[in-house]
Amino acid sequence: HAALELGIKAGPQIEDHPSLVFLQTKSKDELLEALDYIRECDIATYEFHEPYLDWGLTAFACSPVPSAKRDLFKHFQLWRK
């Protein structure tokens, strides 16, 4: 949801083909920590607040990240062989 909403709001402003990476957190606290970290890195974000049962923030997306800033994500656990 968050990525779709960001795409609608940002429009076609991408200069190069970005990677699409999905990250998962184990709790809402971890989600909020990740959001704070991305914002501190000066990367624009879009929050998705789930209206169902008033769950609040359930996801966020960030603007396309240029190659020079991709290392900011290296501490997030991703799938590896």
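Now for a description of the structure that goes with this document. These figures come from a predicted structure and were not determined experimentally.

1. What about the overall build of the protein?
Now for step 1: Each helix and strand counted, the protein has two helices and two strands in total.
Now for step 2: Reading the helices (α) and strands (β) of the protein from amino to carboxyl end gives α-α-β-β.
Now for step 3: Burial statistics for the protein: of 81 residues in total, 21% are counted as buried.
Now for step 4: Split by element, the accessible area of the protein, about 6800 Å² in all, is 55% carbon and sulfur.

2. Quick look at the side chain of Glu 50
Now for step 1: By secondary structure assignment, the location of Glu 50 is in strand E1 (residues 45-50).
Now for step 2: Polar contacts involving the side chain of Glu 50 include one to the main-chain amide nitrogen of Tyr 52, which spans 3.4 Å.
Now for step 3: Among all residues touching Glu 50, those that are not within four sequence positions of it are Trp 55, Gly 56 and Thr 58.

3. A few points about a nonpolar patch on the surface
Now for step 1: On the surface, Val 21, Leu 23 and Leu 78 cluster together to form a nonpolar patch covering roughly 240 Å² of accessible area.
Now for step 2: Among the secondary structure elements, Leu 23 is positioned in the loop between helix H1 (2-10) and helix H2 (28-40).

4. Some words on the pairing of strand E2 (residues 56-62)
Now for step 1: Here E1 runs beside E2; their pairing, made up of six bridges, is antiparallel. Its bridge partner being in E2, Phe 48 is matched across the sheet by Ala 59.
Now for step 2: Turn length for the E1-E2 hairpin, with the two strands adjacent in sequence and antiparallel, is five residues, and the turn residue Leu 53 shows positive phi of about 55°.

5. Remarks on unusual backbone geometry
Now for step 1: Backbone geometry places Asp 42, a non-glycine residue, at a positive phi of 60°.
Now for step 2: With respect to the helices and strands, Asp 42 occurs in the loop between H2 and E1.
Now for step 3: One non-glycine residue, Asp 54, lies in positive phi territory at about 55°.
Now for step 4: Mapped onto the secondary structure, Asp 54 falls in the loop between E1 and E2.
Now for step 5: Overall, the relative accessible area of 69% leaves Asp 54 in the exposed class.

6. As for the pattern of salt bridges
Now for step 1: Using the criterion set out here, one finds one salt bridge in the structure.
Now for step 2: Here Glu 47 and Arg 39 are joined by a salt bridge, their closest N and O atoms 2.3 Å apart.
Now for step 3: For Glu 47, a relative accessible area of 23% gives the class partly exposed.
Now for step 4: Overall, Arg 39 belongs to the partly exposed group, its relative accessible area being 39%.

Thresholds applied
- Residues numbered from 1 in each chain as written.
- Predicted model: local features only at pLDDT ≥ 70, side-chain atom pairs only at ≥ 80, totals over all residues.
- Heavy atoms only, no water.
- Helix = DSSP H or I, 4+ residues; strand = E, 2+ residues; numbered from the N terminus.
- Buried < 20%, exposed > 50% of the residue type's maximum accessible area, 1.4 Å probe, protein only.
- Areas by Shrake-Rupley, 256 points an atom, 1.4 Å probe, with all protein chains shown as cover.
- Polar contact = N/O pair within 3.5 Å; in protein donor to acceptor, adjacent residues only side chain to side chain.
- Contact = heavy atoms within 4.5 Å.
- Patch = residues over 30% accessible without salt bridge, like charges linked within 9 Å, V, L, I, M, F, W, Y side chains within 5 Å.
- Salt bridge = Lys/Arg side-chain N within 4 Å of Asp/Glu carboxyl O.
- Pairing = 2+ DSSP bridges.

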